[in-house]
Amino acid sequence: MSVLDSRPLELDGLVELTPHRFADERGFFSEVWREDAFAAAGVHAHFVQDNLSLSKRKGVIRGLHYQSPPAAQAKLVRVSRGAIFDVAVDIRPGSATYGRWAGVILSAEKWNQLFIPEGFAHGFATLEDDTEVSYKVTAPYSPDHDRAIRFDDPDIGIDWPLDAEPLLSPKDAAAPLLRDSNTGF
Ligand SMILES: Cc1cn([C@H]2C[C@H](O)[C@@H](COP(=O)(O)OP(=O)(O)O[C@H]3O[C@@H](C)C(=O)[C@@H](O)[C@H]3O)O2)c(=O)[nH]c1=O
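Residues numbered from 1 in each chain as written. Predicted model: local features only at pLDDT ≥ 70, side-chain atom pairs only at ≥ 80, totals over all residues.

Caption draft 1: Spatial organisation of the site of the ligand. Taken together, Asn-51, Ser-53, Arg-62, Gly-63, His-65, Lys-75, His-122, Gly-123, Phe-124, Tyr-141, Ser-169 and Lys-171 make up the full set of residues near the ligand. Looking at the shell around the ligand, the elements that each hand over two or more residues are β5 (49-55), β6 (61-67) and β11 (120-126). Residue classes in the shell around the ligand are distributed as two nonpolar, seven polar and three charged. (Near = placed C-beta within 6 Å. Helix = DSSP H or I, 4+ residues; strand = E, 2+ residues; numbered from the N terminus. Nonpolar A, V, L, I, M, F, W, Y, C, P; charged D, E, K, R; others polar.)

Caption draft 2: Summary view of the pairing of strand β12 (residues 131-137). The buried count for β12 comes to five of seven residues, which makes it a mostly enclosed element. Pairing geometry for β5 and β12, over seven bridges, is antiparallel. Across the sheet, the residue bridging to Ser-55 is Thr-131, located in β12. As paired elements, strand β7 (residues 75-81) and β12 share six bridges and run antiparallel to each other. Among the inter-strand pairings, Arg-81 is bridged to a residue of β12, identified as Glu-132. (Buried ≥ 20, exposed ≤ 12 C-beta atoms within 10 Å, placed from the backbone. Pairing = 2+ DSSP bridges.)

Caption draft 3: Broad picture of the pairing of β7. Within β7, five of the seven residues are buried, which leaves the element mostly enclosed by the surrounding structure. In this structure, β7 lies alongside strand β10 (residues 113-116), joined through four bridges in antiparallel fashion. Looking at β10, one finds that Lys-75 is bridged to Ile-116.

Caption draft 4: Region of the structure containing the sheet that holds β12. One open sheet holds the six strands; their spatial order is β1-β2-β10-β7-β12-β5, and the pairing between them is antiparallel. At either end of the open sheet lies a strand with only one pairing partner, and these are β1 (4-8) and β5. Taken over all neighbouring pairs, the strand axes of this sheet differ in orientation by 25 degrees on average, direction set aside. (Axes fitted to C-alpha atoms, helices over the stretch in contact; angles between N-to-C directions.)

Limitation: the analysis is restricted to geometry and does not speak to function.
Here you go:
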């Protein structure tokens, strides 16, 4: 029995995955990460850290973030409560889609996930209050390699679904543009 559906996004390497939920009168069961099934769907990753963030309100933006090499991370992102507009930006020099973005709504209701390889910056906007985002990463957190790019970089032009000014961290509010960044990729 197949345990997940998968769909490649428009930028090479990005994959949307939706694990099956087995429902009964108690609730449901789901394999949210399974190495062999995800590998069969094109996701090859060795995860070393699991993260969880809670955003208290709709309209929080976290990102765009990446870790520079040799601490670069691939990420597998899902939402355990609420919903987000999840975005990945191709920052691989030499890529035919360098500087382009792709976005997908991830939600607890849809139960979908986004796999983001190394060489992408990642960010999200919360679409609901009390949104909990869980994600796995392939390299440990390294403050010395932690980098940000402006969420509203005009060269990238992300069409964020916002109806008010977003709530950002001070670090994200002061982030540089991609064109002024030495990403290390
Ligand atoms: C990312 C991270 C942060 N921290 C600490 C540093 C800081 O004191 C506090 C909050 O960090 P930040 O403000 O960077 O958290 P946040 O803005 O939620 O950062 C995250 O954003 C999303 C979009 C990603 O893609 C993640 O990889 C990560 O960069 O948590 C860790 O200890 N380990 C970690 O892996």
